[in-house]
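# Structural overview for review
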Amino acid sequence: MDQEKAELQQLARQDRIPHAQLFLGDFGSAALGLALAFARLVLCEQSGEEPCETCPACLKSGRWIHPDLHFSFPVIGEKKTSNDFLTTWREFISQHPYGQPSDWFGKMGEENKLGNINVAECHQIFQKLSYTIVEGRYKILLLWGPEFLGKEGNRLLKLIEEPPQNTLFLLVGADADRILPTILSRCQLVKVRPFRDPEIAEALQALSLAGAHESTTWAYLADGNLGQAIHLSSVSERPVADLLLTWLRTCYSDKGPKLMLLVEKLARMGREEQKSLFQYGLYFIRQMALAWSDRSDAIRLSETEKTAAIKMVNTLDLDRLQEMITLFDESLRSIERNANAKILFLNVSIQLHAVLRDQMRFIPSMN
Ligand SMILES: [Zn+2]
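Every value quoted in this text rests on a predicted model; they were computed, and no experiment measured them. (Residues numbered from 1 in each chain as written. Predicted model: local features only at pLDDT ≥ 70, side-chain atom pairs only at ≥ 80, totals over all residues.)

### Concerning the environment of Leu-204
Following the sequence through the fold, Leu-204 ends up in helix H9 (residues 197–206). Under the C-beta neighbour-count criterion, Leu-204 is labelled buried, with 26 such atoms within 10 Å. Distance from Leu-204 to Ile-230, taken between C-alpha atoms, is 6.7 Å for residues 26 residues apart in sequence. Excluding its chain neighbours within four sequence positions, the residues that come into contact with Leu-204 are Leu-209, Ala-210, Ser-215, Trp-218, Ala-229 and Ser-233. (Helix = DSSP H or I, 4+ residues; strand = E, 2+ residues; numbered from the N terminus. Buried ≥ 20, exposed ≤ 12 C-beta atoms within 10 Å, placed from the backbone. Contact = placed C-beta atoms within 7 Å.)

In structure tokens form, the structure reads like this:
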């Protein structure tokens, strides 16, 4: 993020800030965090490289209540606007700026619904930007999720193209293909790269969500998306890699009672944790496929898991790997459809036993 940040600092320092910028990076990347930090830097009364945290402007922007900093984001409900959810929004971004839209809609109590930025919201944007600047030199509208703007977004074009004096638009979006091209073409693009694995691992540890070993596993699985890593690590009470290997080893063994106990334990886990187990399973099998195709150097697993993956794959062929992928993939979807967990885990365990045994009967142990 350092390069993007340095460029933004320079823009602010030289006072040549484009009036509309689009921070483009996955939800769960640093895009929202960068835009928020940039807004605070511009509003700060000192001219340092970071918000000074002591001036009156910083004290307000730190709590997201600065009168010149306006927010716009998708909400659920035709007549509702961002103003109806400002307190919830402040909580949402204060917790961490890596949330997914689904997390946001969940926080509004509507996990399974999709919000949008509606006509009423567009009217309100006009209104917000017609206020005179209260304190500083700029007023800022930070709009999160321009992909949730329908055709109504075209109402904003003129405003974005020729905004009132000293007005800045900071748009934060993830998918350029889903943003109105007319809006896209009017914004200066700030491309935000995905996080690197060590950055994710470090952040998870800093948030006390995972230890050193666990955080690396989540980082691999989240593939550059810190929001996803935070989600995975916060729903899982146990180290997922250990759990998967224990499960595979127990399925391989002939110990029925032990397997039944494990099935019961897996079935009692929360749904999100069950999902993360299957997601990690899929990831693990794909890493095994790398080993199978002689590309062990490309494997992204910690040493213990990598050794286990290479040992296992020595005895599996591509058809078996494909069977396992299908099995995990279907299970993941069944969990999402609220399948009976105990029946599901028992079924998958029996099928895994068959798959692993077929090819591994000469291998004494997967350890
Ligand atoms: Zn300040």
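The rest of the description comes next.
### Examining the pairing of strand S4 (residues 167–173)
When you tally the buried positions in S4, you get seven out of seven residues, the bulk of the element. Where burial is concerned, the two faces of S4 agree: the one with Thr-167, Phe-169, Leu-171 and Gly-173 and the one with Leu-168, Leu-170 and Val-172 are both buried. Strand direction decides the pairing type here: strand S1 (residues 20–24) and S4, joined by five bridges, are parallel. The partner of Gln-21 across the bridge, within S4, is Leu-170. In terms of strand pairing, strand S3 (residues 139–144) meets S4 through six bridges, oriented parallel. Paired with Lys-139 across the two strands is Thr-167, which belongs to S4. (Pairing = 2+ DSSP bridges.)

### Points about the packing of helix H14 (residues 271–292) against helix H16 (residues 318–336)
Where H14 meets H16, the axes come as close as 9 Å, and the angle between the chain directions of the two elements is 165 degrees. When the axis of H14 is compared with that of H16, the two are roughly antiparallel. Seen along the crossing, H14 lies across H16 with a hand that is left-handed. Here Arg-271, Gln-274, Lys-275, Phe-278, Gln-279, Gly-281, Leu-282, Ile-285, Met-288, Ala-289 and Trp-292 of H14 come into contact with H16, specifically with Leu-318, Leu-321, Met-324, Ile-325, Phe-328, Asp-329, Ser-331, Leu-332 and Ile-335. Partitioning the contact of H14 with H16 into residue classes produces 13 nonpolar, four polar and three charged. (Axes fitted to C-alpha atoms, helices over the stretch in contact; angles between N-to-C directions. Parallel < 35°, antiparallel > 145°, perpendicular 65-115°, else oblique. Left-handed = near helix turned anticlockwise from the far one by under 90°. Nonpolar A, V, L, I, M, F, W, Y, C, P; charged D, E, K, R; others polar.)

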